[in-house]
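Tertiary structure, described
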Amino acid sequence: MHFDDGLYTWITGLAHRTPGPLDTAISLWSDFGLALFAVLMVLAWWRARPLGSARTALALAAPLIVVAAYVVNDLFKVAVHEQRPCQTLHTVTVEACPPLGDWSFPSNHAAIAAAAAVAILLTDRALGAIAVPAALLMGASRVWIGAHYPHDVVIGLLVGTAVAAALAPAARRSAPVVERLAGTRLRPLVTAR
């Protein structure tokens, strides 16, 4: 039993009663929405190039920050071994329930989205204003489709945020590397000048 079992079953019940097109849209977002964060990271890098080496360094490090968040989050999954709520609560869900052994806690989608959103926000506030709500929507979609408990999503968002916040200063400190690259054939990657 989890403290949020009731909230999970209420949300999945609501999802079951909503019109099919809404469920389809949320399911598509849940399955493919992480691609938006990749696009936003590319845009953040492009827009950071004329703004200085520290910002460009952070933009270039964003994918590595996301990978680090995924690894940290996955270590939690392996340590905790929490079954998916659709397995333990036997509820009707929008998407097919993942098999036994595909652990639920914490949500990888939420951690990845949060890490990307924080890295994007710290690089470019305007793009961050898109990425942060998108990360929250990604987390909510994972509960809606039945893949995660609400606490899985909250902890995933916190893990992604914490990893990104911890690694962002180190990424900024790699600005001298970006400055050295500006004197090489890789110059277009690091500066617009």
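Below is a summary of the structure that appears in this document.

1. Side note on the overall build of the chain
Looking only at helices and strands, the chain has 10 helices and 0 strands in total. Order of helices (α) and strands (β) in the chain, N terminus to C terminus: α-α-α-α-α-α-α-α-α-α. Along the first, second and third principal axes, the C-alpha atoms of the chain reach 60 × 35 × 25 Å. Across the 193 residues in the chain, those meeting the buried criterion constitute 45%. In the chain, 78% of the contacts between residues at least 6 apart in sequence involve partners at least 24 apart. For the chain, the accessible surface area stands at approximately 9600 Å², while carbon and sulfur atoms represent 72% of it. Of note, the chain has its 14 positive side-chain charges centred 20 Å away from the centre of its 11 negative side-chain charges.

2. A few points about the state of the cysteines
On inspection of all chains with the given rule, the structure shows 1 disulfide. Residue Cys86 pairs covalently with Cys97 via a disulfide, S to S 2.1 Å. On the sign convention where negative is left-handed, the bridge of Cys86 and Cys97, at about 80 degrees about the S-S bond, is right-handed. One end of the pair, Cys86, is in helix 5 (residues 85-88); the other, Cys97, is in the loop between helix 5 and helix 6 (108-123), with 11 residues separating them in the sequence.

3. Quick look at the pattern of salt bridges
For the structure on display, the rule yields 2 salt bridges. The shortest N-O distance in the salt bridge between Arg47 and Asp124 comes to 2.6 Å. A residue pair is termed long-range when its members are at least 10 positions apart, and Arg47 in helix 3 (residues 34-48) and Asp124 in the loop between helix 6 and helix 7 (125-144) qualify at 77 residues. Residue Arg47 is classed as partly exposed on the basis of its relative accessible area, which comes to 40%. Among the residues examined, Asp124 registers a relative accessible area of 9% and is labelled buried. One salt bridge in this structure joins Arg84 and Asp102, with 2.9 Å as the shortest N-O distance. Of this pair, Arg84 sits in the loop between helix 4 (53-80) and helix 5 while Asp102 is found in the loop between helix 5 and helix 6, placing the two residues 18 residues apart along the sequence. Owing to a relative accessible area of 5%, Arg84 belongs among the buried residues under this scheme.

Analysis parameters
Residues numbered from 1 in each chain as written. Predicted model: local features only at pLDDT ≥ 70, side-chain atom pairs only at ≥ 80, totals over all residues. Heavy atoms only, no water. Helix = DSSP H or I, 4+ residues; strand = E, 2+ residues; numbered from the N terminus. Buried < 20%, exposed > 50% of the residue type's maximum accessible area, 1.4 Å probe, protein only. Contact = heavy atoms within 4.5 Å. Areas by Shrake-Rupley, 256 points an atom, 1.4 Å probe, with all protein chains shown as cover. Lys, Arg positive; Asp, Glu negative; His and termini not counted. Charge placed at Lys NZ, Arg CZ, Asp CG, Glu CD. Disulfide = S-S within 2.5 Å. Salt bridge = Lys/Arg side-chain N within 4 Å of Asp/Glu carboxyl O.

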